Amino acid sequence: MHCAYIGLGSNLESPVAQVRQALDELGGLPLSTLVAQSSLYATPPVGPQDQPDFINAVAVIKTALSPLALLDQLQALEQRHRRQRLRHWGPRTLDLDLLLYGQQTIERPRLKVPHPYMHERAFVLVPLAEVASAVGKQPLMLHQQTLAHWLTQIDHTAIKRLSNADAR
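Predicted, not measured: the structure shown is a model, and the values here were computed from it.

Rules behind the numbers
Residues numbered from 1 in each chain as written. Predicted model: local features only at pLDDT ≥ 70, side-chain atom pairs only at ≥ 80, totals over all residues. Heavy atoms only, no water. Buried < 20%, exposed > 50% of the residue type's maximum accessible area, 1.4 Å probe, protein only. Helix = DSSP H or I, 4+ residues; strand = E, 2+ residues; numbered from the N terminus. Pairing = 2+ DSSP bridges. Salt bridge = Lys/Arg side-chain N within 4 Å of Asp/Glu carboxyl O. Contact = heavy atoms within 4.5 Å.

Trainee: So what's going on with the pairing of strand β5 (residues 95-101)? Residues and values would help.
Mentor: Strand residues, when the strand is regular, have side chains that alternate between the two faces of the sheet. The buried fraction of β5 is high, at 6 of 7 residues. Summarising the sheet, strand β1 (residues 2-10) and β5 pair through 6 bridges and their orientation is antiparallel. In the sheet register, Ile6 faces β5, and the bridge partner there is Leu98.

Trainee: So what's going on with the pattern of salt bridges? Residues and values would help.
Mentor: Opposite charge on two side chains permits them to pair, given that their charged atoms come into close proximity. Throughout the structure, instances matching the rule amount to 3 salt bridges. Residue Arg82 is joined to Glu13 by a salt bridge in which the shortest nitrogen-to-oxygen separation is 2.3 Å. Residue Arg82 is found in the loop between α2 (67-80) and β5, and its partner Glu13 is found in the loop between β1 and α1 (15-26); the two are separated by 69 residues along the sequence. Here Glu13 falls in the partly exposed class, since its relative accessible area comes to 47%. Among the salt bridges present, the one from Arg92 reaches Asp95, with a minimum N-O distance of 3.1 Å. Like Asp95, Arg92 is buried.

Trainee: Describe the environment of Glu25, and please don't skip the residues or the numbers.
Mentor: With respect to the helices, strands and loops of the structure, Glu25 is situated in helix α1. Considered as a pair, Glu25 and Leu77 are 52 residues apart in the sequence and their alpha carbons are 7.9 Å apart. Excluding residues that lie within four positions of it along the chain, Glu25 makes contacts with Leu77 and His81.

Next comes the structure, spelled out in structure tokens:
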């Protein structure tokens, strides 16, 4: 079994509900078990600013799926949520990114792990730090640095953790 970290995001069609449902569905992936999930966070969009804010989270699963088989499952889940890829960094009902897969580095045309931009994005690092502390005792390494290092390098003032009432 491998420990995989998955970033979730939505800013269309009831984003809180989209992310909550996707978290539930991650627990039902074949040969996989959901072991942790972060709080939900509201964040401004990256890229085009003419779109609603996002709801983001990070989930951790234990899986026997290969990295590409897991990617296929994540993309099928996005499609069940009617994901459309109309423009780069545009609005979406659901975005699922495979952030980390064990300690593996993967360079494939369809998949790069660790996710190439995760260390630059507060909407990934803040919820990732939340679940990483709950899951493992060893510090997570991202692009040859610790997660704690990357957290000091980014501005995370715009990311807001949702209260339990807001996250419903």
